[in-house]
Amino acid sequence: MSVDVHHIESGPEDAPPLVLAGSLGSTVRMWEPQVEALSAAFRVIRYDQRGHGGTPAPRGPYSMADLGGDVLRLLDRLGVERAHFAGLSLGGMVGQWLGVHAPERIDRLALLATSPYMGPPSVWRDRAAVARDQGPAALADMVVERWFTPGFAKEHPEDVIRMRDGIAATDAEGYAGCCEAIEHHDVRDELPRIQASTLVVAGADDAGTPARGHGDLIAERVPDARMVVLDDAAHLLSWQRATKVNGLLTEHFTG
């Protein structure tokens, strides 16, 4: 059953709606570097995944259909028939599910630092177990280390601390349930069904979802998808390369 997700809107109410979906262990604050730029042309709708930020955490496990259903419920609540959608990491997996299973609700699609399959499943099963037993704080240092390049982390320690604390503060059941959604996520054979005009963005230094074998697979299988690989960018490329990402998203969604 879908839940009412916490969301924040920015930009003109009559502008084209654009939904922003964040990564595992993040909240709507993850998209702060994008809000001002994108709100100039879009009705920006940021939301928290279930069990993250202000969104309730029902008992897991969750499926990608659950997380996608949360987005459809949000669109229904807001009276939005069709929206652009940009998702990073877990958010990008939700975007793939929506593109495959709810194509009539998605206009243009941007998939950032994400994958159609994040195997092996045991990795996510084990991470869910740690989150439930010890809390996401036990995973926070390992996770945030992959979010930024070493050079950026050294120059911006406050950003690292902020993101690390955000991961640690995530509800344990919400974090674990989303891990279990990733565990069973595999749309490799369904990608050709996506009809939305799709932009894929990968970070050249992303160890979590490398361009090769992850982003390039999406770009190869989604009809007419375009792929961009950003230099000096790890997993949270929307934060580290905000200006470039803002330009790419604006260009894609106004195209």
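Structure: above.
Nothing here was measured: the structure is a model prediction, and the numbers come from that model.

This next bit is on the overall build of the protein chain. Of regular secondary structure, the protein chain possesses eleven helices and seven strands. Relative to a compact globule of 255 residues, whose C-alpha radius of gyration would be 18 Å, the protein chain shows 16 Å and is just as compact. Counting only C-alpha atoms, the protein chain reaches 45 × 40 × 35 Å along its principal axes. Counting over 255 residues, the protein chain shows a buried share of 57%. Put simply, the protein chain has 24 plus and 36 minus side-chain charges, and the middle of one group is 1 Å from the middle of the other.

What follows is about the nonpolar core. In globular proteins that are soluble, nonpolar side chains generally tend to be buried together. If you look at the biggest cluster of nonpolar residues, it comprises 81 residues, and the most contacted ones within it are Tyr47, Phe85, Leu98, Phe148, Leu237 and Leu249. Leave out the neighbours within four places in its chain, and tyrosine 47 touches Val5, His6, His7, Val19, Leu20, Ala21, Val28, Val71, Leu74, Phe85 and Val94.

One open sheet holds the seven strands; their spatial order is β1-β3-β2-β4-β5-β6-β7, and the pairing between them is mixed. Every interior strand has two partners, whereas the edge strands, β1 (7-10) and β7 (226-230), have only one. Taking the axes of each pair of neighbouring strands and ignoring which way they run, one obtains an average angle of 15° across the sheet. Two strands pair when backbone bridges link them, and β1 and strand β3 (residues 43-47) are joined in this way by four bridges, in the antiparallel orientation. When the sheet's bridge partners are listed, isoleucine 8 is paired in β3 with arginine 46. Its contacts with the sheet place helix α11 (residues 242-254) against β2 (17-21), β4 (83-88), β5 (106-112), β6 (197-203) and β7, and it is angled at close to 155° to β5.

Turning our attention to the environment of aspartate 206. Note on placement: aspartate 206 falls in the loop between β6 and α9 (211-221). Sequence-wise, aspartate 206 and alanine 233 are 27 residues apart; in three dimensions their C-alpha atoms are separated by 6.7 Å. With near-sequence residues (within four places) excluded, aspartate 206 lies in contact with Ala113, Ala233, Ala234 and His235. A polar atom in the side chain of aspartate 206 sits 2.5 Å from the side chain of threonine 209.

On to helix α2 (residues 64-78). With 15 residues, α2 extends 21 Å between its outermost C-alpha atoms, agreeing within 8% with the 21 Å of an ideal straight helix rising 1.5 Å per residue. Listing the buried residues of α2 in full gives Met64, Leu67, Gly68, Gly69, Asp70, Val71, Leu72, Leu74, Leu75 and Leu78. Check the buried side of α2 and you find it contacts β1, β2, β3, β4, α3 (90-101) and α8 (172-183). Positive phi shows up at glycine 79, right after α2, with a value of about 70°.

Attention shifts here to a negative patch on the surface. Together, Glu155, Asp205, Asp231 and Asp232 line one region of the surface with negative charge. By secondary structure assignment, the location of glutamate 155 is in helix α6 (residues 150-155). Exposure remark for glutamate 155: the relative accessible area of 62% places this residue in the exposed category.

Within the fold, aspartate 216 resides in helix α9. No salt bridge is formed by the buried aspartate 216; the nearest opposite charge belongs to arginine 212, separated by 4.9 Å. Apart from residues lying up to four places away in sequence, aspartate 216 is in contact with Ala211 and Met227.

This part is about the pattern of salt bridges. It is possible for side chains bearing opposite charge to pair when their charged atoms get close. Applying the stated criterion to the full structure yields 17 salt bridges. Measuring nitrogen to oxygen at the nearest pair gives 3.8 Å for the salt bridge that ties arginine 77 to aspartate 4. Here arginine 77 is found in helix α2, whereas its partner aspartate 4 is found in the segment before β1, with 73 residues between them in sequence. The partly exposed category is assigned to arginine 77, whose relative accessible area is 41%. Here aspartate 186 and arginine 188 are joined by a salt bridge, their closest N and O atoms 2.8 Å apart. The exposure class assigned to arginine 188 is partly exposed, which follows from its relative accessible area of 27%.

What follows deals with the layout of surface pockets. To find leftover empty space, a probe the size of one water molecule is rolled over the atoms. In this structure, the largest pocket encloses a volume near 390 Å³. For the largest pocket, the lining is made up of 22 residues, of which Met118, Trp124, Arg127, Arg146 and Gly208 are closest to its centre. Those elements that place two or more of their residues in the lining of the largest pocket are α3, α4 (121-134), α5 (137-145) and α8. For the lining of the largest pocket, the element with the most residues is α4, which contributes three residues.

Cut-offs and rules
- Residues numbered from 1 in each chain as written.
- Predicted model: local features only at pLDDT ≥ 70, side-chain atom pairs only at ≥ 80, totals over all residues.
- Heavy atoms only, no water.
- Helix = DSSP H or I, 4+ residues; strand = E, 2+ residues; numbered from the N terminus.
- Rg over C-alpha atoms; globule rule 2.2 N^0.38 Å.
- Buried < 20%, exposed > 50% of the residue type's maximum accessible area, 1.4 Å probe, protein only.
- Lys, Arg positive; Asp, Glu negative; His and termini not counted.
- Charge placed at Lys NZ, Arg CZ, Asp CG, Glu CD.
- Core = buried A, V, L, I, M, F, W, Y, C linked by side-chain atoms within 4.5 Å.
- Contact = heavy atoms within 4.5 Å.
- Pairing = 2+ DSSP bridges.
- Axes fitted to C-alpha atoms, helices over the stretch in contact; angles between N-to-C directions.
- Polar contact = N/O pair within 3.5 Å; in protein donor to acceptor, adjacent residues only side chain to side chain.
- Expected span 1.5 Å × (residues − 1).
- Patch = residues over 30% accessible without salt bridge, like charges linked within 9 Å, V, L, I, M, F, W, Y side chains within 5 Å.
- Areas by Shrake-Rupley, 256 points an atom, 1.4 Å probe, with all protein chains shown as cover.
- Salt bridge = Lys/Arg side-chain N within 4 Å of Asp/Glu carboxyl O.
- 1 Å grid on protein atoms, 1.4 Å probe; cavity = no way out; pocket = protein on both sides within 12 Å on 5 of 7 lines; lining within 4 Å.
- Points joined across faces, edges and corners; volume = space filled by probe spheres on them.

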